[in-house]
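# Commentary on secondary and tertiary structure
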Amino acid sequence: MDTTLMNDKTPKDKVLIPNQDFYKDIFHQHANEEYTQAIQLAQDRVSNFLKNNSKPFSGIRPDDMKAKVEGVDLKIPLPDYESLLNEVDELYVKHATAYHLPEYIAHLNCPVVIPALAAEVLISAINSSQDTYDQSAGGTFIERKLIDWTSEQIGYTDNADGIFTAGGSQSNLMGLLLARDYFSLEYQKWNIKLDGLPPDASKFRIFVSDKAHFSNHKNAWILGLGEQSIVHVGVDSRYRMDPEQLEKAIAKEIEKGNIPIAITATAGTTDFGNVDPLHKIASIAKRNNLWLHVDAAYGCGLLLTEKYRHLLTGIELADSVTIDYHKSFFQPISSSAFIVKNKLHLNIIKHHADYLNPKEQNYEELPAQINKSIIQSTRRFDALKLWCTLRYMGKEKLGQYTDTIIETAEKAANHIDTDQDFELLCHSDMGVLVFRYINGPDQANYCNINQYIKEKLFFSGEVLVASTKVDGQFYLKFTIFNPLTTLDDIKHILNIIKQNANDYQRLN
Ligand SMILES: *Cc1c(COP(=O)(O)O)cnc(C)c1O
């Protein structure tokens, strides 16, 4: 062996690259120290966020928040990571909403699990893109295995397939897109992908309940059908789609000369956390040859539990399903999926680009997830978060978290229901309670009192609740999403609500 030659060669990690200091900020083979330092400092801020937070929100007003951000001169970069993270702390972390505290009980934001946060470190740094195998390797197969796993939880056969998406709204869009294009191909021999909308597309009708997510309306518009294509079906006393009214609505549209193409059922409504009667709706869809999409963005958490899984019975009959892991699987944003019962339907989405996924490639040998993605080409490896979560915690533990949340919500519902100061609209399959404060002589004033309460709570930062309108009336809304939240926490929040109601009555 020629040792002189070896000794002459400088080891790779000792190479002094020209302008080393200038290029230190790029994530590259000599940047380990820089990377580690930056991540350590960022992580310290997260630790402080966890340790110091006694309130879910600082209460800062939008004007003050805006002034802070506007005060920054983007032309002048900061000298080091310390000052960078100090500034971010002031502009963001200190005032960020803390979803992990029991006093945060507002929107559908879950506390996240730690294995998923460890995954985020890898996802952002390694930065794989999930579109093709040559950009993701293991990422492609991890995503596919999780799609298969989710399909199995739904009760689909191995004929199912799907893809991770950016969120429930996007997954719902994919559901309606397939419903629309499949209908036209199958019943009208019309290829919307090639030829655009058929002449009678304005007659297409999609049936959703009064409490379905607004993304259905937006999606109908995006798909060129307009919001006019959405038919609202009435609900029962728990705000679930009423199958009888659905059947009547379909008949009525046909009578009018319109063309029913799809039903979107909601498993876990955003406002009430209740599951539409999936089995009955599926029979109606089948009888009428309609595509059934189940929006389980919220209700997907029920897939995890043994005890409450029965609430989703019938979901396996849907043609497609929306799953939001970032809603009910304790995953950081974004983490969602779109799943179809029959993988052939995903062919509708396929589009070949010579540089990425050429037509002649054998996709059994060299897979490309891009073939199943509508909007995103470059796509994050979000699947790794769910992977780490399942591998470390297991489905059962996540399911027990879900059980605990459902049971706390039920106890809270009973508590609110028996308190004469409050009116609860209905119980929840999951964890959303819609109610209002009703103590006082003047019923006409209930909206004002409850609006006052919500705003006072928000700007005190002590407790964060949401609100919604039902039949034109203003209601407060609890979304219970934290297995650590107890009935005592809820009672404490209700007491604070009462104090604020008393303040209102004293002042008015
Ligand atoms: C939140 C939600 C959506 C939208 O999901 P995003 O991930 O926010 O896009 C859709 N449907 C229901 C029922 C939801 O609760």
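To start, this report covers the structure provided alongside it. Since this is a predicted model, take the numbers as computed values, not measurements.

Per the secondary structure count, the protein chain includes 16 helices and twelve strands. For 508 residues, the compact-globule estimate of 2.2 N^0.38 gives 23 Å, and the C-alpha radius of gyration of the protein chain, at 26 Å, lies within 12% of that figure. Principal axes of the C-alpha set define a box for the protein chain whose edges measure 90 × 65 × 45 Å. Going through the 508 residues of the protein chain one by one, you find that 51% of them count as buried.

It is worth spelling out the sheet that holds strand 11 (residues 464-470) at this point. The strand order across the open sheet formed by five strands is 1-11-12-10-9, and the pairing between neighbours is mixed. Across the chains shown, the open sheet's two edge strands, defined by having one partner strand only, are strand 1 (104-105) and strand 9 (422-424). Two elements, strand 9 and strand 10 (residues 432-437), share three bridges in a ladder whose sense is antiparallel. Within the sheet, the bridge partner assigned to Glu 423 lies in strand 10 and is Arg 436. Packing against the sheet, helix 14 (residues 383-418) makes contact with strand 9, strand 10 and strand 12 (473-479), and its axis sits at approximately 20 degrees to strand 10.

What follows covers the site of the ligand. Near the ligand lie 14 residues; those nearest to it are Gly 168, Ser 169, Asp 295, Asp 324 and Lys 327. The backbone of Gly 168 places a nitrogen or oxygen atom 2.8 Å from an oxygen atom of the ligand. Contacts to the ligand include Asp 324, whose side-chain N or O atom sits 2.7 Å from an oxygen atom. Within the complex, 87% of the 380 Å² of free accessible area of the ligand lies under protein. Per-element accounting of the shell around the ligand gives the leading share, three residues, to helix 8 (residues 168-188).

Once that is clear, we can look at the sheet that holds strand 7 (residues 320-324). The strand order across the open sheet formed by seven strands is 2-8-7-6-5-3-4, and the pairing between neighbours is mixed. Each end of this open sheet is capped by a strand with a single partner; those strands are strand 2 (161-165) and strand 4 (230-233). If you compare each strand with its neighbour and ignore which way they point, the axes differ by 20 degrees on average.

Time to look at helix 12 (residues 278-287). Within the span of helix 12, buried status applies to Leu 278, Ile 281, Ala 282, Ile 284 and Ala 285. All buried residues of helix 12 fall inside an arc of 160 degrees around its axis, so they share one side. Turned more than 90 degrees from where helix 12 packs its buried face, Lys 280, Lys 286 and Arg 287 sit exposed. Looking at the buried residues of helix 12, the elements they touch are helix 11 (243-255), strand 5 (259-266) and strand 6 (291-296). Positioned one or two residues after helix 12, Asn 289 has a phi angle of 55 degrees, which is positive.

So, about the pairing of strand 5. For strand 5, the tally of buried residues reaches eight of eight residues, placing the bulk of the element in the interior. In the sheet, strand 3 (residues 204-209) pairs with strand 5 via five bridges, with the strands oriented parallel. Of the residues in strand 5, the one forming a bridge with Val 208 is Thr 264. Note that strand 5 and strand 6 share five bridges and pair parallel. Counted as the bridge partner of Thr 264 is His 293 from strand 6. Tracing the backbone out of strand 5, into helix 12 and back to the parallel element strand 6 gives a crossover that is right-handed.

Parameters and conventions
Residues numbered from 1 in each chain as written. Predicted model: local features only at pLDDT ≥ 70, side-chain atom pairs only at ≥ 80, totals over all residues. Heavy atoms only, no water. Helix = DSSP H or I, 4+ residues; strand = E, 2+ residues; numbered from the N terminus. Rg over C-alpha atoms; globule rule 2.2 N^0.38 Å. Buried < 20%, exposed > 50% of the residue type's maximum accessible area, 1.4 Å probe, protein only. Pairing = 2+ DSSP bridges. Contact = heavy atoms within 4.5 Å. Axes fitted to C-alpha atoms, helices over the stretch in contact; angles between N-to-C directions. Near = heavy atom within 4 Å. Polar contact = N/O pair within 3.5 Å; in protein donor to acceptor, adjacent residues only side chain to side chain. Areas by Shrake-Rupley, 256 points an atom, 1.4 Å probe, with all protein chains shown as cover. Arc of directions from axis to C-beta. Right-handed = clockwise from strand over helix to strand, strands pointing away.

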